Amino acid sequence: MRGAGKTGERLKTARKRSASSTRWLQRQLADPYVRQAKAEGWRSRAAFKLLELDDKYALLKNARRVVDLGIAPGGWSQVVRKRAPKAAVVGIDLLPTEPIEGVTIFQMDFMADEAPEALRQALGGKESIRRYGSASIPMDEALAMVSVDLGGRPYLVFNVKFSGEFAGNFETGLVEEFFRAVSVNAGMNIHVNVPYGSSNHHICEAIFKAFGRALDEATRTDDRIKGVMSTKGAL
Ligand SMILES: C[S@@+](CC[C@H](N)C(=O)[O-])C[C@H]1O[C@@H](n2cnc3c(N)ncnc32)[C@H](O)[C@@H]1O
């Protein structure tokens, strides 16, 4: 074809690719975010989504460990490195990804059985975290008390009496199942106690808020803790 630049590039590509791939490429070439990403050194236009989300919600403030599921080509991890340079960042993708300084990258299916362990190893251990956390949260007439231990041993104690099988459309029985799954998969000891409360809605809300607070406390680092919080030296 005659002509240089974008038109020539598009037609040349169209001969080699399927019609849908060619349409995608044409959209890319016309997209101002793609151009801006290229100009600013971001590997994907997706970088702007995370930048804007972080501007609005401060998602990356104080981030310490970040997992990028589906990292390729790497725009989001670039943003994480810029906004949270102290965070440990691990990415995983079926496709190859060019190295990013400070990011550990696995070319692997994130649904594969070995993926969670690979991510856990790469993110580092539980050095300097407080390990234990507790919180009591009232919600009108209901009180929820949740304690967690991130010591690696799964165990759930769930002392909650709901007044019926539903909170609105939500099956209250699922709450215990949720915490059992978290406990087993995260190797976490979780105690959930609700000494009183009559509204299932309030009970559920108080439990999840208390769990969030307890987990926040348990995962915080403390400079006084050297290594892991265990006399056995491992968690
Ligand atoms: C929209 S792209 C991600 C873009 C990336 N966040 C960025 O900022 O550059 C989605 C990625 O998810 C990956 N992906 C989809 N399913 C996957 C799986 N099961 N395991 C690993 N990666 C997967 C795809 O290969 C693709 O690269």
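Our subject in this report is the structure included herewith. (Residues numbered from 1 in each chain as written. Predicted model: local features only at pLDDT ≥ 70, side-chain atom pairs only at ≥ 80, totals over all residues.)

Things to note about the overall build of the protein chain
1) Next: Broken down by element type, the protein chain carries eight helices and nine strands.
2) Next: In terms of C-alpha radius of gyration, the protein chain reaches 24 Å, well past the compact-globule figure of 18 Å for 235 residues.
3) Next: Dimensions of the protein chain, computed from the C-alpha atoms along their principal axes, are close to 80 × 45 × 35 Å.
4) Next: The buried share among the 235 residues of the protein chain stands at 21%. (Helix = DSSP H or I, 4+ residues; strand = E, 2+ residues; numbered from the N terminus. Rg over C-alpha atoms; globule rule 2.2 N^0.38 Å. Buried ≥ 20, exposed ≤ 12 C-beta atoms within 10 Å, placed from the backbone.)

Some points on the nonpolar core
If you look at soluble globular proteins, the nonpolar side chains tend to sit buried side by side.
1) Next: Ranked by internal contacts, the top residues of the largest apolar core, which has 21 residues, are Ala144, Val146, Val148, Ile203, Ile207, Ala210 and Ala214.
2) Next: At the level of secondary structure, the elements contributing two or more residues to this core comprise strand 5 (142-149), helix 7 (173-186), strand 9 (189-196) and helix 8 (200-219).
3) Next: Per-element accounting of this core gives the leading share, eight residues, to helix 8. (Core = buried A, V, L, I, M, F, W, Y, C linked by C-beta atoms within 7 Å.)

So, the site of the ligand
1) Next: The environment of the ligand is formed by 17 residues, the closest being Ser44, Ala46, Gly70, Gly75 and Trp76.
2) Next: When grouped by side-chain class, the residues that make up the shell around the ligand number 10 nonpolar, four polar and three charged. (Near = placed C-beta within 6 Å. Nonpolar A, V, L, I, M, F, W, Y, C, P; charged D, E, K, R; others polar.)

Description of the sheet that holds strand 2 (residues 88-93)
1) Next: Spatial ordering of the open sheet is given by 1-2-3, a layout of three strands whose pairing is parallel. The open sheet has two free edges, formed respectively by strand 1 (65-69) and strand 3 (103-107), since each of these has just one partner strand. Here the average twist between neighbouring strands, direction ignored, is 15°.
2) Next: Relative to strand 3, strand 2 runs parallel, the two sharing five bridges. Bridging from a neighbouring strand, Val90 pairs with Thr104 of strand 3.
3) Next: Helix 5 (residues 75-83) rests against strand 1, strand 2 and strand 3 of the sheet, and its axis sits at about 180° to strand 2.
4) Next: Of the strands in this sheet, strand 1, strand 2 and strand 3 touch helix 6 (residues 115-123), which is tilted by about 155° from strand 2. (Pairing = 2+ DSSP bridges. Axes fitted to C-alpha atoms, helices over the stretch in contact; angles between N-to-C directions. Contact = placed C-beta atoms within 7 Å.)

Quick word on unusual backbone geometry
1) Next: Put simply, Ala72 and Pro73 share a cis peptide bond, and its omega is 0°.
2) Next: Within the secondary structure, Pro73 is located in the loop between strand 1 and helix 5.
3) Next: Its identity as a non-glycine residue notwithstanding, Asn62 has a phi of 60°, on the positive side.
4) Next: Judged by the 9 C-beta atoms lying within 10 Å of it, Asn62 falls in the exposed class.

Describing the packing of helix 4 (residues 46-57) against helix 5
1) Next: Interaxial distance between helix 4 and helix 5 falls to 7 Å at its minimum, and their mutual angle equals 40°. Relative to helix 5, the element helix 4 is oriented oblique. Handedness of the helix 4/helix 5 crossing: right-handed. Along the contact surface, helix 4 presents Ala46, Ala47, Leu50, Leu51 and Asp54, while helix 5 presents Gly75, Trp76, Gln78, Val79 and Arg83. (Parallel < 35°, antiparallel > 145°, perpendicular 65-115°, else oblique. Left-handed = near helix turned anticlockwise from the far one by under 90°.)

Note that all results are geometric; they support no functional claim without further evidence.
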